[in-house]
Amino acid sequence: MASLRRLFPLCSSSINRTAFSASEAREGFGGSFFRGYSVIASSDQTVLRPDDDCGQVAADSFITDDEIGKIRHEFDAARQCFHKIPKVLKGMPKMNPKGIYVNKNLRLDNIQVYGFDYDYTLAHYSANLQSLIYDLAKEHMVNELRYPEVCMKFKYDPTFPIRGLYYDRSKGCLLKLDFFGSIEPDGCYFGHRKLSRKEIEELYGTRHIGRDQARGLVGLMDFFCFSEACLIADVVQHFVDAKLEFDTSYIYEDVNRAIQHVHRSGFAHRGILADPHRYLVKNGELLRFLRMLREKGKKLFLLTNSPYYFVDGGMRFMLEDSLGYKDSWRELFDVVIAKAKKPEFYTSEHPFRCYDTEKDTLAYTKVDAFLPNKIYYHGCLKSFLQITKWNGPEVIYFGDHLFSDLRGPSKAGWRTAAIIHELESEIHIQNEDSYRFEQAKFHITQELLGKLHSTVAQSQRCEAYKSLFDELNEERQNARSMMKRMFNRCFGATFLTDTGQESAFAYHIHQYADVYTSKPENFLFYPPEAWLQSPFDIKILPHHVKVPSTLFEN
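The structure displayed is predicted, hence computed values, not measured ones.

Student: Explain the side chain of D400 to me, please; I cannot follow it from the model alone.
Tutor: By secondary structure assignment, the location of D400 is in the loop between β16 (395-399) and α16 (402-412). Sequence-distant contacts of D400, defined by excluding residues within four places in its chain, comprise D117, D119, Y120, T121, R163, D222, F223, D405 and I419.

Here's what the structure looks like:
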């Protein structure tokens, strides 16, 4: 489990102005803020609980109104600065939206083999794709699964879902979880209705999802997740509004079956290729990146679950303006594997089959070598390693799905790169002065609330305490709400919760991605021999900068 330093910003000189020692102040909320207190994290407030050894001392100590007055004075002084964005904030360094962010050190000069997924990794899609998937899935539910005809009127809402949500099959809720598996206080929806904190506690007993409850959760992590989450919410809301009885687990099964049918039936593939200008984004930079790797003597392979005709049509369209007349995208890759059935590919022992692109048939001969300009179907990691002799840390695999794409390679010893398209837009937002301004306000009120709790014993909480607590809590909540709305109106940022903690999605990035970025071609901005190192002082994901509370010092 990550240290508690991840949960709270470092306390700086606003803490040093109190009677605490400098060493205690430097440790902040994540260390031993008071040597006799343990830290309890909650979404509402930071509570410092007296340990057994010193609880009686703290309870017996006399806390004067003057000490509450000092915290009040700090808050009032900070509030005077809340009216305008400090000049120092404008000078803070910006994070690179096209940067490569590092969880585990990576030496690119050691990488000899580059592997890629296709969808949402090599292929860049427009926002129109989610509407296509959504519409095809709802049509399948109405026509084949006999859902009410009124469902045909549903429209995909791009402002509702984010990646990394969970669906509770037993209770029917869409959940955003934090790094430690607790439900985000404002991130629990039944249909399109947000549940209050009281309702969450009544439904779950606690905001923390235990191991038994976690078995009933389904992670929505891949590029279908946006349309899937939206369709689940729409169907649940319709059944609630129509006062129809329904089993929430069936809703998931039917929606997921419809989404999978759209993919496996080829409806989505044919829809994309029928109008590639609407759904695909041309990308000359991708070709430049792949060619650069080839020129450096690197081996390249493509490993995708999509059928070959779909990959071929997409690659031709995306690269047609950059490729030469007689050139083929297939010449860029040493091995092309389609219909790989990931994540089964990493654990099964399925044989490879050579695919005839002209006859659309599979050969019956055993595959014991990968030949140039040939396409292969199915297969497994075990056979792939035996044939290629590409082992362990010399291989890096790029993919967008943390479970299907990256978990298997990570366990096999390959290096992994997560492609997360939302990263670019979220960093743009985090670079805005308005966001950093609200972030600094949030941090300073968080620190002052922690200080207020730690200095005032429960028995001594008078009206002055209650008034200050309410004001601090309201200011913090306002800042939190402002930051959330800058990302997504319902669930906020993909990587962070409203309380500044890492989300469960961020946790999986930590687990399975050595590096992450928004597009593979972002590697063009780095030398092929670069040493990519994780920041030594990160408290959350390395692309996120915490704005210090000292911003509002007088």
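Student: What am I meant to see in the sheet that holds strand β11 (residues 299-303) here?
Tutor: Two orientations exist for strands paired in a sheet by backbone hydrogen bonds: parallel and antiparallel. With mixed pairing, the 10 strands of this open sheet are ordered in space as β3-β18-β17-β16-β5-β11-β12-β15-β13-β14. The open sheet has two edge strands with one neighbour each: β3 (101-102) and β14 (361-362). Strand direction decides the pairing type here: strand β17 (residues 415-419) and strand β18 (residues 515-517), joined by three bridges, are parallel. Bridge pairing in β18 places A418 opposite Y516. Docked against the sheet, helix α15 (residues 381-388) engages β11, β12 (335-338) and β13 (352-356), running at close to 80 degrees with respect to β13.

Student: Would you mind going over the packing of aromatic side chains with me for this structure?
Tutor: The geometry of an aromatic ring pair is captured by two quantities: the separation of the ring centres and the angle between the planes. Applying the stated criterion across every chain, the model contains 38 aromatic pairs. Geometrically, the ring pair formed by F179 and Y507 is edge-to-face, given 5.1 Å between the ring centres and 90 degrees between the ring planes. Here F179, found in the loop between β7 (173-177) and β8 (183-190), pairs with Y507, found in helix α20 (residues 504-512); they are 328 residues apart in sequence, far enough to count as distant. What makes F179 buried here is its relative accessible area of 12%. Under the relative-accessibility criterion, Y507 is labelled partly exposed at 31%. Linked through ring pairs, F301, F345, Y346, F352, F370, Y376, F384, W390, Y397 and W414 together constitute an aromatic cluster.

Student: Would you take a moment to explain helix α14 (residues 308-319) for this structure?
Tutor: Within an α-helix, residues lying three or four positions from one another point in the same direction, as the helix has 3.6 residues per turn. Here α14 is 12 residues long and its end C-alpha atoms lie 16 Å apart, about the 16 Å a rise of 1.5 Å per residue gives. Across the 12 residues that make up α14, a large majority, nine, are buried. All of the buried residues along α14 are Y308, F310, V311, D312, G314, M315, F317, M318 and L319.

Student: What is the right way to read the pattern of salt bridges from this model?
Tutor: Opposite charge on two side chains lets them pair, provided their charged atoms get close. As enumerated under the stated definition, the model contains 25 salt bridges in all. The residue D186 makes a salt bridge to K194 at a minimum N-O spacing of 3.9 Å. Relative accessible area serves as the criterion here: at 15%, D186 is assigned to the buried category. A salt bridge links K484 to D498, with the shortest nitrogen-to-oxygen separation between them at 3.9 Å. Taken together, the residues K484 in helix α19 (residues 463-485) and D498 in the loop between α19 and α20 connect sequence positions 14 residues apart.

Student: Can you walk me through the confidence of the model for the chain in this structure?
Tutor: Detailed reading of the predicted coordinates is not advisable wherever pLDDT falls low. The share of residues in the chain with pLDDT of 70 or more is 84%, and the mean pLDDT across the chain is 84. Predicted confidence is poor over residues 1-63, with pLDDT under 50, and the contacts of this stretch with residues over four places away or in other chains come to 123 contacts.

Student: How do you make sense of the packing of helix α4 (residues 65-81) against helix α18 (residues 433-455) when you look at a structure like this?
Tutor: Pairs of packed helices are described in terms of their axes, by the angle between the two and the distance that separates them. Two elements in contact, α4 and α18, have axes whose closest approach is 11 Å; the angle formed by their N-to-C orientations is 175 degrees. It follows that α4 is roughly antiparallel to α18 by the angle criterion. Judged by residue contacts, I71, E74, F75, A78 and C81 of α4 engage F437, I444, T445, L448, K451, L452 and T455 from α18. Classifying every residue of the contact of α4 with α18 gives eight nonpolar, two polar and two charged.

Student: Honestly, unusual backbone geometry in this entry has me stumped. Any pointers?
Tutor: Glycine aside, a negative phi is what most residues show, and trans is what most peptide bonds show. Cis geometry marks the peptide bond from K342 to P343; its omega dihedral reads 5 degrees. The topology assignment puts P343 in the loop between β12 and β13. Non-glycine residue K341 carries a positive phi angle of around 60 degrees. Mapped onto the fold, K341 is located in the loop between β12 and β13. Backbone geometry at K389 places phi at a positive 65 degrees, although glycine is not the residue there. Within the secondary structure layout, K389 lies in the loop between α15 and β16.

Student: Would you explain the UniProt feature "coiled-coil region" (unreviewed entry) in the chain in this entry?
Tutor: Here, the residues flagged by UniProt with the feature "coiled-coil region" (unreviewed entry) are residues 462-489. Structurally, residues 462-489 comprises 82% helix and 0% strand, and the distance from its first C-alpha atom to its last is 37 Å.

Student: Before we go on, may I ask you to explain the sheet that holds strand β10 (residues 217-220) in this structure?
Tutor: Taken together, the five strands give an open sheet; going across it, the order is β9-β8-β7-β6-β10, and neighbouring strands pair in antiparallel fashion. The open sheet has two edge strands with one neighbour each: β9 (193-194) and β10. With four bridges connecting them, β7 and β8 associate as antiparallel partners. Paired with C173 across the strands is F190, a residue of β8.

Student: Hey, could you run me through the packing of α18 against α19 in this one?
Tutor: Interhelical geometry of α18 versus α19 gives an angle of 150 degrees and a closest axis separation of 8 Å. Judged on the interaxial angle alone, α19 and α18 are roughly antiparallel. In this structure, the crossing between α18 and α19 has a hand that is left-handed. Here Y435, E438, Q439, K441, F442, T445, Q446, L448, L449, L452 and H453 of α18 come into contact with α19, specifically with Y465, L468, F469, L472, N473, E475, R476, A479, R480, M482 and M483. The residue inventory of the contact of α18 with α19, partitioned by class, reads 12 nonpolar, five polar and five charged.

Student: Would you mind showing me how to read the environment of L468 here?
Tutor: Within the secondary structure layout, L468 lies in helix α19. Its relative accessible area of 0% is what places L468 among the buried residues. Each C-alpha atom, one on L468 and one on L448, is 9.9 Å from the other, the two residues being 20 residues apart in sequence. Residues in contact with L468, not counting those within four places in the same chain, are I68, I71, R72, F75 and L452.

Here is what the cut-offs are and how they apply
Residues numbered from 1 in each chain as written. Predicted model: local features only at pLDDT ≥ 70, side-chain atom pairs only at ≥ 80, totals over all residues. Heavy atoms only, no water. Helix = DSSP H or I, 4+ residues; strand = E, 2+ residues; numbered from the N terminus. Contact = heavy atoms within 4.5 Å. Pairing = 2+ DSSP bridges. Axes fitted to C-alpha atoms, helices over the stretch in contact; angles between N-to-C directions. Phe/Tyr/Trp six-rings, centres within 6.5 Å; stacked < 30°, edge-to-face > 60°. Buried < 20%, exposed > 50% of the residue type's maximum accessible area, 1.4 Å probe, protein only. Expected span 1.5 Å × (residues − 1). Salt bridge = Lys/Arg side-chain N within 4 Å of Asp/Glu carboxyl O. pLDDT = per-residue confidence, 0-100. Parallel < 35°, antiparallel > 145°, perpendicular 65-115°, else oblique. Nonpolar A, V, L, I, M, F, W, Y, C, P; charged D, E, K, R; others polar. UniProt positions renumbered as here; feature names shortened; annotations may be inferred. Left-handed = near helix turned anticlockwise from the far one by under 90°.

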